[in-house]
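Observations on chain architecture
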Amino acid sequence: TGIFENGSFFLMALYGTLSAWFYIRKYQQRPDSGTHGDQSDSFRLVTLFPEMVHPTIESLSSQASQMIFKKKAAGSSGGTGVGNGDGLPTSSSDNPEAARRRER
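The present account deals with the structure reproduced in this document. Position numbers for residues start from 1 in each chain and track the written sequence from start to end. With pLDDT at 70 or above as the cut-off, local features in this predicted model cover only qualifying residues; side-chain atom pairs require 80 or more to be listed or tallied, and sums for whole chains, interfaces and linings still use all residues. Working from all heavy atoms in the structure, the side-chain values ignore hydrogens and water.

**Notes on the overall build of the protein chain**
Tallying secondary structure elements over the protein chain gives 3 helices and 4 strands in all. Starting at the N terminus, the α and β elements of the protein chain follow one another as α-β-β-α-β-β-α. Residue burial in the protein chain is summarised as follows: out of 104 residues, 18% are buried. Note on contacts: a residue pair is in contact if any heavy atoms of the two residues lie within 4.5 Å. Counting contacts in the protein chain only where the partners sit at least 6 residues apart, residues at least 24 apart contribute 35% of the total. Looking at the protein chain as shown, the accessible area adds up to about 7,900 Å², and 60% of this sits on carbon and sulfur atoms. Secondary structure follows DSSP: runs of H or I at least 4 residues long count as helices, runs of E at least 2 residues long count as strands, and numbering of each begins at the N terminus. For the exposure calls, accessible area comes from a 1.4 Å probe over protein chains only, and a residue counts as buried if that area is under 20% of its type's maximum, exposed if over 50%, partly exposed in between. Using the Shrake-Rupley algorithm and a 1.4 Å probe, accessible areas are obtained, with residue cover drawn only from the displayed protein chains.

Structure follows, in structure tokens:
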């Protein structure tokens, strides 16, 4: 059972890619704006896949988001999170206009 047998290399590459994407999307510090992560629409999870599977990925990520954050929304007083197509909620202020203002 070596590293290149039984598809383990593929799984390792997939795990590395998704881990790196998640770090950049949510945790990487941006010194120019003082925020964390890249919340632009061009860096959504769905953009890692070919366009022909975008509807499937968006559907799966929205379902996962609803399942994951249903418990969190039930425990909070007002669920203001809005899904952004990558399975993770964003605040309602994360629209293109707000992103453009933050970049200035």
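That was the structure; now back to the text.
**A word on helix α1 (residues 8-26)**
Each residue after the first adds 1.5 Å to the expected span of a helix. Between its first and last C-alpha atoms α1 spans 27 Å; for 19 residues at 1.5 Å apiece the expected length is 27 Å, and the two agree. Listed in full, the buried residues belonging to α1 are Trp 21, Arg 25 and Lys 26. Down the axis, α1 shows its buried residues gathered within 105° of arc, on one side only. Arc definition: it is the arc formed by the directions from the helix axis to the C-beta atoms.

**What to know about the packing of aromatic side chains**
Only the six-membered ring of Trp is used, alongside the rings of Phe and Tyr, when aromatic pairs are assigned; centres must lie within 6.5 Å, and planes under 30 degrees apart are stacked while those over 60 apart are edge-to-face, with the rest tilted. Applying the stated rule across the entire model yields 2 aromatic pairs. Between Trp 21 and Phe 43, the aromatic rings sit 6.3 Å apart at their centres with planes inclined by 25°, giving stacked as the arrangement. Here Phe 43 lies in the loop between β2 (35-36) and α2 (54-75) and Trp 21 lies in helix α1, a separation of 22 residues in the sequence.

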